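For reference, the chains in residue letters:
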Amino acid sequence: MALRHFGAAAAVALTVGLGASPALAVTEIQWWHAMTGANNDVIVKLASDFNGAQSDYKVIPTYKGNYADTMNAGIAAFRAGNAPHIMQVFEVGTATMMAATGAVKPVYKLMAETGEKFDPKAYLPAITGYYSTSKGEMLSFPFNSSSTVMWVNLDALKKANVEIPKTWPEVFDAAKKLKAAGHATCGFSNSWVTWVNLEQLSAWHNVPLSTKANGLDGFDTVLSFNGPLQVKHLENLVELQKDKTYDYAGRTNTGEGRFTSGECPLYLTSSAFFGNVKAQAKFAFTAVPMPYYPDAKGAPQNSIIGGASLWIMGGKSADEYKGVAKFLTFLSDTDRQVYIHKSSGYLPITKAAYDKAKAEGFYKDQPYLETPLLELTNKEPTENSRGLRLGNMVQLRDVWAEEIEQALAGKKTAKQALDAAVERGNTMLRQFEKTAVK
Amino acid sequence: MQKQAIFQSKLLPYALVAPQLAIVLIFFYWPALQAMIQSFLLQDAFGLSTTFVWFENYIDLFKDPAYFEAILRTFFFSFAIAVSSLSFALLLAVMADKPLRGSMLYRTLLIWPYAVAPPVVGVLWIFMLHPSLGVLSRYLRALGVDWNPLLDGNQAATLIILAAAWKQISYNFLFFLAGLQSIPKSVIEAAAIDGARPMRRFWTVIFPLLSPTIFFLLVVNIVYAFFDTFGIIDTMTRGGPGKSTETLVYKVYTDGLLGGNLGSSAAQSVILMIMVIVLTGIQFRFVERKVTY
């Protein structure tokens, strides 16, 4: 009896399976990402809009944990011969992905081979520069980009009778006044200590972080951020840390609460902090461009981006690549970019989308959402401000942060700390160079 | 007394242990072997290019002074965590063992923290003592203490030891309580009749009878401090500031998973494995002699 039921069930399953097989003609495209909350909704909507607009391809988005988790999951899947088609990788993973020739399919090649219309000039160079070779060939597709800005507690500044500072000396002055006016534990601070105080600082002042255009021109790059400007900046921070005019807030963004709680009235971090500020801050706020040293020649230059891009994995069929290319074209659409920009707070990646958002008056009420764009497009990017491509970047940042922490704790001088950071970093870069596929 | 079980068939005993053997082989020996092989290789994260480098990964490690610092730090952390959680748990167990009103409630409450996962412990202590998020940090700073474990390595180390020991107290407590309750009351009563005061009763009667439990817990606690503190370190300090909370296990993770340096990471895990084997060997060879079962 039971056996007969089983037979019937199997027969049904078989027919259903056979019946379903024509539907498999739809090519499935796996998209692994690291977006949560409202940004996850955006991704789901993008995929379902694309799937609804045509019937040949089906994009399936899957959340794989935070950026590092997603990348590790992708790498593990690749090693098991089971990689997704599209993988969202944060900007610090760029060199690792790029070094994996054969594991990834460069976007410019994909678009050329599939015959999709593709004009690299349509995208904002400050964003695509990060993901392109020195010849301007786009390797990955920019998806969500942000930049460093200085968040300002307007109420606190007003109370202390301080103007919004534009340069670093003005920031130090303002922080001292703010400290005297009641912000005793923190005049100003920042998250992502190396991104803000080494990487962005160098680009913003048109000073190299490392040779070979910060690694964009080759993996045989040598770190050089122990120059006078970077040392002077760290010396200033060390001096101000002593009386808490500056107060170190950790390597990642866990210290951001000190701004929203009102403790630190000036705070440098990602423009993507906007959502939290808007939800939590009980004071008037804005975001202004990063400060600069007025005596540095040519400062401010342009800032570099944070965020992530979409990498196309290698070894897939021509039909699958066709679908991936169509999806990238779909994402580049101006209206769609405006939608992504408005709903996620990340930057638009095409010039047309930026112009459209501006024409719609989007920045009138929220001028601070334009700040990162103004920084990125401030000047034509140079060798020093196009982007960074250093191997083992995640761990490099930890090593640099360790040394900066030693300086701030008074165990090393600023110069000693940066020299050590450069030396240890170079060892890691040589290690990476050895394993990178030639 | 007959100690040997008698099997009719010669194959049956093998068949009975086969599943267990298979699990051990697949989940213990196979990965260990993989780690050993990997430790002789230099490979990129994607596994696209592989070079056989003999002992280069090991030699690089022993040339690195930071590695020796990490070894010393790990031993110090293990010692501090094991001693503080064991002694505190014993104190609590002795007190909870007394006939008290509502002792069941105390016992249940004391066991609770064990159910908390290490990263959650990290988050919990962050909410108390993180310089910007912590509730207690505000009071500390209001009292004039310069509390900032993000910059002060000693404070960060204290924080990790505190959190790790706190989590392990419940587990130790549970075993100590069971150990205490298994000591026959008549022995203690006899000692009391002989005129031994509570402290003397504890050190001459209870403590020696507890020694097998203490020894067992010592091994468990050291293994815990070596490996399971990873989640706490990751959520609280990520090895910082400087390198002041980077233990061996955390270094394996940062070098291998974050840095993509699988060769060095594998070499470190092999060394770690040898270390634990030696450590356990020493414990059973020498410490166990002092234990009365």
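Everything numeric in this text was worked out from a predicted model, so none of it was measured. (Residues numbered from 1 in each chain as written. Chains lettered and ligands numbered in written order. Predicted model: local features only at pLDDT ≥ 70, side-chain atom pairs only at ≥ 80, totals over all residues. Heavy atoms only, no water.)

## Here we look at the pairing of strand β7 (residues 266-270) of chain A
Residues and elements named next belong to chain A.
Phase 1 of the analysis: In terms of burial, β7 is a largely internal element, five of the five residues being buried.
Phase 2 of the analysis: One ladder, built from five bridges, connects strand β5 (residues 141-153) with β7; its direction is antiparallel. Looking across to β7, one finds that Thr148 is bridged to Ser270.
Phase 3 of the analysis: Examined bridge by bridge, strand β6 (residues 188-190) and β7 share three bridges and lie parallel to one another. By the bridge assignment, Phe188 is partnered in β7 with Leu266. (Buried < 20%, exposed > 50% of the residue type's maximum accessible area, 1.4 Å probe, protein only. Helix = DSSP H or I, 4+ residues; strand = E, 2+ residues; numbered from the N terminus. Pairing = 2+ DSSP bridges.)

## Here's the deal with the nonpolar core
All names here are of chain A.
Phase 1 of the analysis: Grouped together as the largest cluster of nonpolar side chains are 137 residues, with contacts concentrated most on Phe188 and Trp400.
Phase 2 of the analysis: A per-element tally of this core places helix α19 (residues 393-408) first, with nine residues.
Phase 3 of the analysis: Beyond its immediate sequence surroundings of up to four residues, Trp400 is in contact with Thr194, Leu198, Glu199, Leu209, Leu223, Phe225, Leu390, Met393, Ala421 and Gly425. (Core = buried A, V, L, I, M, F, W, Y, C linked by side-chain atoms within 4.5 Å. Contact = heavy atoms within 4.5 Å.)

## A few points about the UniProt feature "transmembrane region" (unreviewed entry) in chain B
All names here are of chain B.
Phase 1 of the analysis: Following the UniProt record, one finds the feature "transmembrane region" (unreviewed entry) at residues 12-32, 75-96, 108-128, 156-180, 201-227 and 266-287.
Phase 2 of the analysis: Between the first and last C-alpha atoms of residues 75-96 the distance is 31 Å; the span itself is 100% helix and 0% strand.
Phase 3 of the analysis: For residues 108-128, helix accounts for 71% and strand for 0%, while the C-alpha atoms at its two ends are 23 Å apart. (UniProt positions renumbered as here; feature names shortened; annotations may be inferred.)

## Description of the state of the cysteines
All names here are of chain A.
Phase 1 of the analysis: Applying the stated rule across the entire model yields one disulfide over all chains.
Phase 2 of the analysis: With a sulfur-sulfur separation of 2.0 Å, Cys186 is cross-linked through a disulfide to Cys264. Every disulfide takes its handedness from the sign of the S-S torsion; for Cys186 and Cys264 that torsion is 105°, giving right-handed. In this pair, Cys186 sits in the loop between α8 (168-180) and β6 while Cys264 sits in the loop between α12 (257-260) and β7, placing the two residues 78 residues apart along the sequence. Of the two residues examined, Cys186 and Cys264, each falls in the buried class. (Disulfide = S-S within 2.5 Å.)

## So, the pairing of strand β9 (residues 305-313) of chain A
Residues and elements named next belong to chain A.
Phase 1 of the analysis: With respect to burial, β9 is a largely interior element, nine of its nine residues being buried.
Phase 2 of the analysis: Here β9 shows no split at all, with Ile305, Gly307, Ser309, Trp311 and Met313 on one side and Gly306, Ala308, Leu310 and Ile312 on the other all buried.
Phase 3 of the analysis: Sheet topology note: the strand β3 (residues 86-90)/β9 ladder contains five bridges and is antiparallel. Bridging from a neighbouring strand, Phe90 pairs with Ala308 of β9.
Phase 4 of the analysis: With two bridges connecting them, strand β4 (residues 104-105) and β9 associate as antiparallel partners. When the sheet's bridge partners are listed, Lys105 is paired in β9 with Ile312.
Phase 5 of the analysis: One ladder, built from six bridges, connects β5 with β9; its direction is antiparallel. The residue of β9 that forms the bridge with Phe141 is Leu310.

## A short note on the interface of chain A and chain B
Phase 1 of the analysis: Contacts between the two partners involve 38 residues from chain A, matched on the other side by 32 residues from chain B.
Phase 2 of the analysis: Both sides of the chain A and chain B interface together cover about 2,900 Å² of buried area, and 55% of this is carbon and sulfur.
Phase 3 of the analysis: When the buried area of chain A at its contact with chain B is split by residue, Arg79, Gln395 and Thr435 of chain A rank highest and sum to 18% of it.
Phase 4 of the analysis: At the junction of chain A with chain B, the criterion picks out three salt bridges.
Phase 5 of the analysis: For the salt bridge of Arg238 of chain B with Asp398 of chain A, the shortest nitrogen-to-oxygen distance reads 3.9 Å.
Phase 6 of the analysis: Where chain A touches chain B, the interface holds six residue pairs in polar contact (both at pLDDT 80 or more).
Phase 7 of the analysis: Broken down by secondary-structure element, the contributors of at least two residues to the side of chain A that touches chain B are α3 (67-79), α4 (94-99), α19 and α20 (414-435) of chain A. (Buried area = accessible area lost by both parts, 1.4 Å probe. Salt bridge = Lys/Arg side-chain N within 4 Å of Asp/Glu carboxyl O. Polar contact = N/O pair within 3.5 Å; in protein donor to acceptor, adjacent residues only side chain to side chain.)

## Details of the UniProt feature "domain: ABC transmembrane type-1" (unreviewed entry) in chain B
Phase 1 of the analysis: The feature "domain: ABC transmembrane type-1" (unreviewed entry), as annotated in UniProt, sits at residues 71-283 of chain B in this numbering.
Phase 2 of the analysis: Here residues 71-283 of chain B is 78% helix and 0% strand, with 18 Å between the C-alpha atoms at its ends.

## Notes on the packing of aromatic side chains
Geometrically, a pair of aromatic rings is defined through the distance of the ring centres and the angle of the planes.
All names here are of chain A.
Phase 1 of the analysis: Evaluated as defined, the whole model comprises 48 aromatic pairs over all chains.
Phase 2 of the analysis: Judged by centre distance (5.9 Å) and plane angle (40°), the rings of Phe118 and Tyr123 are tilted.
Phase 3 of the analysis: Owing to a relative accessible area of 6%, Tyr123 belongs among the buried residues under this scheme.
Phase 4 of the analysis: Linked through ring pairs, Trp151, Phe259, Tyr267, Phe273, Phe274, Phe283, Phe285 and Tyr368 together constitute an aromatic cluster.
Phase 5 of the analysis: If you follow Lys45 out to its NZ or CZ, it ends over the ring of Tyr339, 5.5 Å from the centre.
Phase 6 of the analysis: A cation over a ring is seen here: Lys64 above Trp32, with NZ or CZ 4.1 Å from the ring centre. (Phe/Tyr/Trp six-rings, centres within 6.5 Å; stacked < 30°, edge-to-face > 60°. Lys NZ or Arg CZ within 6 Å of the ring centre and 35° of its normal.)

## Thoughts on the pattern of salt bridges
Phase 1 of the analysis: With the rule as written, the count across this model stands at 27 salt bridges over all chains.
Phase 2 of the analysis: As a salt-bridge pair, Lys232 of chain A and Asp295 of chain A come within 3.2 Å of each other at their nearest N and O atoms. In this pair, Lys232 of chain A sits in helix α11 (residues 228-242) while Asp295 of chain A sits in the loop between β8 (285-288) and β9, placing the two residues 63 residues apart along the sequence.
Phase 3 of the analysis: By relative accessible area, which is 29% here, Lys232 of chain A ends up partly exposed.
Phase 4 of the analysis: Residue Asp295 of chain A is classed as exposed on the basis of its relative accessible area, which comes to 59%.
Phase 5 of the analysis: One salt-bridge network, held together by shared partners, links Glu402, Glu403, Lys412 and Arg424 of chain A together with Lys243 and Glu246 of chain B.

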